[in-house]
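Chains, contacts and geometry: an overview
Single-letter residue listing:
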Amino acid sequence: MTRPIIVFDLDGTLIDTAPDLLDSLNHSLAASELAAVDEVGFRRFVGHGGRVMIERAHAAQQRSLESQEHDRLLKLFLDHYTDNIPGKSRPYPGVVETIARFEAAGYLLAVCTNKYEANSVALIEALGLAKHFAAICGQDTFAFRKPDPRHLTETIALAGGNPHLALMVGDSQTDIDTAKAAGIPVVAVDFGYTDRHVREFEPSAVISHFDALTLGLAERLIAAAGR
Ligand SMILES: O=C(O)COP(=O)(O)O
Ligand SMILES: [Mg+2]
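Under the annotation held in an unreviewed UniProt entry, the protein chain carries the name Phosphoglycolate phosphatase and is attributed to Mesorhizobium mediterraneum. On record in UniProt, under Catalytic activity (unreviewed entry), the comment for the protein chain is "2-phosphoglycolate + H2O = glycolate + phosphate". The UniProt entry for the protein chain carries the following comment under Function (unreviewed entry): "Specifically catalyzes the dephosphorylation of 2-phosphoglycolate. Is involved in the dissimilation of the intracellular 2-phosphoglycolate formed during the DNA repair of 3'-phosphoglycolate ends, a major class of DNA lesions induced by oxidative stress."

**A short note on the state of the cysteines**
Under the counting rule described, the total for this entry stands at zero disulfides. Cys-112 forms no disulfide, and the closest cysteine sulfur to it belongs to Cys-137, at a distance of 6.7 Å. What makes Cys-137 buried here is its relative accessible area of 0%.

**Remarks on the pairing of strand S4 (residues 108-112)**
Taking burial as the measure, the five residues of S4 include five buried ones, the bulk of the element. Residues of S4 alternate between two faces, with Leu-108, Ala-110 and Cys-112 on one and Leu-109 and Val-111 on the opposite face, all of them buried. Looking at chain direction, strand S1 (residues 3-8) and S4 are connected through four bridges and run parallel. Of the residues in S4, the one forming a bridge with Phe-8 is Val-111. The β-α-β motif built from S4, the intervening helix H6 (residues 117-126) and the parallel element strand S5 (residues 135-137) has right-handed crossover chirality.

**Some words on the site of ligand 1**
In the vicinity of ligand 1, the residues found are Asp-9, Leu-10, Asp-11, Val-46, Gly-47, His-48, Gly-49, Thr-113, Asn-114, Lys-115 and Lys-146. Taking 280 Å² as the accessible area of ligand 1 by itself, protein coverage stands at 97%. Taken together, the residues of the shell around ligand 1 sort by class into two nonpolar, five polar and four charged.

**Comments concerning the environment of Leu-108**
Turning to its location among the elements, Leu-108 is positioned in strand S4. Overall, the relative accessible area of 11% leaves Leu-108 in the buried class. Sequence-wise, Leu-108 and Val-7 are 101 residues apart; in three dimensions their C-alpha atoms are separated by 8.5 Å. Non-local contacts of Leu-108, meaning those with residues more than four positions away in its chain, are made with Arg-3, Pro-4, Ile-5, Ile-6, Ala-134, Ala-159, Gly-160 and Gly-161.

**A word on the coordination of the magnesium ion (ligand 2)**
Tetrahedral coordination by four donors puts the ideal angle at the metal at 109.5 degrees, and octahedral coordination by six puts it at 90 or 180 degrees. Surrounding the magnesium ion (ligand 2) are the protein donor atoms Asp-9 (OD), Asp-11 (O) and Asp-171 (OD), which sit 2.1 to 2.2 Å from the metal. Read from N- to C-terminus, the donor residues coordinating the magnesium ion (ligand 2) fall into the pattern D-x1-D-x159-D. Take Asp-9: its relative accessible area is 4%, and that puts it in the buried class. For Asp-11, a relative accessible area of 13% puts it in the buried group.

**Description of helix H3 (residues 50-60)**
Three or more residues of H3 are buried, namely Gly-50, Val-52, Met-53, Ile-54, Ala-57 and His-58. On its buried face, H3 is in contact with helix H1 (18-30), helix H2 (39-45) and helix H4 (67-84). The positive-phi residue at the C-terminal boundary of H3 is Gln-62, with phi of around 50°.

**Regarding the environment of Ala-134**
With respect to the secondary-structure elements, Ala-134 resides in the loop between H6 and S5. C-alpha separation for the pair Ala-134 and Val-7, spaced 127 residues apart in sequence, amounts to 9.9 Å. In contact with Ala-134, not counting residues within four places along its chain, are Leu-108, Leu-109 and Ala-159.

**A closer look at the packing of helix H7 (residues 149-159) against helix H8 (residues 173-182)**
At a closest axis distance of 7 Å, the pairing of H7 and H8 adopts a crossing angle of 70°. Relative to H8, the element H7 lies roughly perpendicular. Taking contact as the criterion, the partners of Pro-149, Leu-152 and Thr-153 in H7 are, on H8, Thr-178, Ala-179, Ala-181 and Ala-182. Class assignment of the residues belonging to the contact of H7 with H8 gives a composition of five nonpolar, two polar and no charged.

The rules behind each value
Numbering of residues starts from 1 in each chain and follows the order in which that chain's sequence is written. For naming, the first written chain is A and the first written ligand is 1, with later ones following in the order written. Given that the model is predicted, a residue must reach a pLDDT of at least 70 before its local features are reported, and side-chain atom pairs must reach 80 or more before they are shown or counted; all residues, however, enter totals for whole chains, interfaces and linings. As a convention, hydrogens and water are excluded, and side-chain values are obtained from all of the structure's heavy atoms. UniProt positions are given in the numbering used here, feature names are shortened, and annotations may be inferred rather than shown by experiment. Two cysteine sulfur atoms form a disulfide, by the criterion used here, when they sit within 2.5 Å. Buried means the residue's accessible area, taken with a 1.4 Å probe over protein chains only, is under 20% of the maximum for its type, while exposed means over 50%, and partly exposed covers the values in between. The way it works is that DSSP assigns letters per residue, a run of H or I at least four long becomes a helix, a run of E at least two long becomes a strand, and they are numbered from the N terminus. Two strands make a pair as long as DSSP finds a minimum of two bridges between them. The path from the first strand over the helix to the second decides the hand: if it runs clockwise while the strands point away from the viewer, the crossover is right-handed. Any residue with a heavy atom positioned within 4 Å of a molecule or strand is treated as near that molecule or strand. Under the convention used here, a 1.4 Å probe and the Shrake-Rupley method define accessible areas, while residue burial counts only the protein chains that appear. Side-chain classes are defined by residue name, with Ala, Val, Leu, Ile, Met, Phe, Trp, Tyr, Cys and Pro counting as nonpolar, Asp, Glu, Lys and Arg as charged, and the others, Gly among them, as polar. Any two residues having at least one pair of non-hydrogen atoms within 4.5 Å are treated as being in contact. For Na, K and Ca the donor cutoff is 3.2 Å, while for all other metals N, O and S atoms must lie within 2.8 Å; water is not among the atoms, so some sites may look incomplete. All axes here are fitted lines through C-alpha atoms, helices being fitted over the stretch that makes contact, and every angle between N-to-C directions spans 0 to 180 degrees. Angles below 35 degrees are treated as roughly parallel, those above 145 as roughly antiparallel, those between 65 and 115 as roughly perpendicular, and all remaining angles as oblique.

Here's what the structure looks like:
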């Protein structure tokens, strides 16, 4: 019998990676004489991986970006980011306790992120958390990525989870749209990187701290989804 599973988004959900993503983004933008992005601007750019962040930063400064330069800046971003893992990134408050709570209740745990898989695994390993996750799937693990629902459903399958007893936890419209398209309930954290409040995207529930992700809430949302 496949087991119940919670699938977590990574950036802005499980781990506060903003300081490092911002440093690496600005490292790459500086190479093309763009102004540095600030914490506020960053929130509009993140959610679809490094390539899109660079693209959005150029658009925000009305700068064109042809593909060869885009590739060059993405490599600068990824090299800088990879070399600095785990940097200043840390799990959000309550994450470690939540992992223990759901593992003790027999849940599988997995990660479904638009960060590249290698960097996702390296970061989670560097923070000593990799043993808790049955699958860590990045934007490049499959031929599709969030908001394509298959990124989530294939992560559940790879982890050996039951898609009818699954719950997604995320911080962005991308995550909420992905879960909805997969017919899987989704809890949105309101402390992540979206520039609009997550309630606007109508998740199944909103939490402001992982302590609110109780076994009861998970069971209620999974039952209500009735897949
Ligand atoms: O790397 C990003 O841009 C977003 O990654 P996430 O899917 O873990 O939020
Ligand atoms: Mg996120």
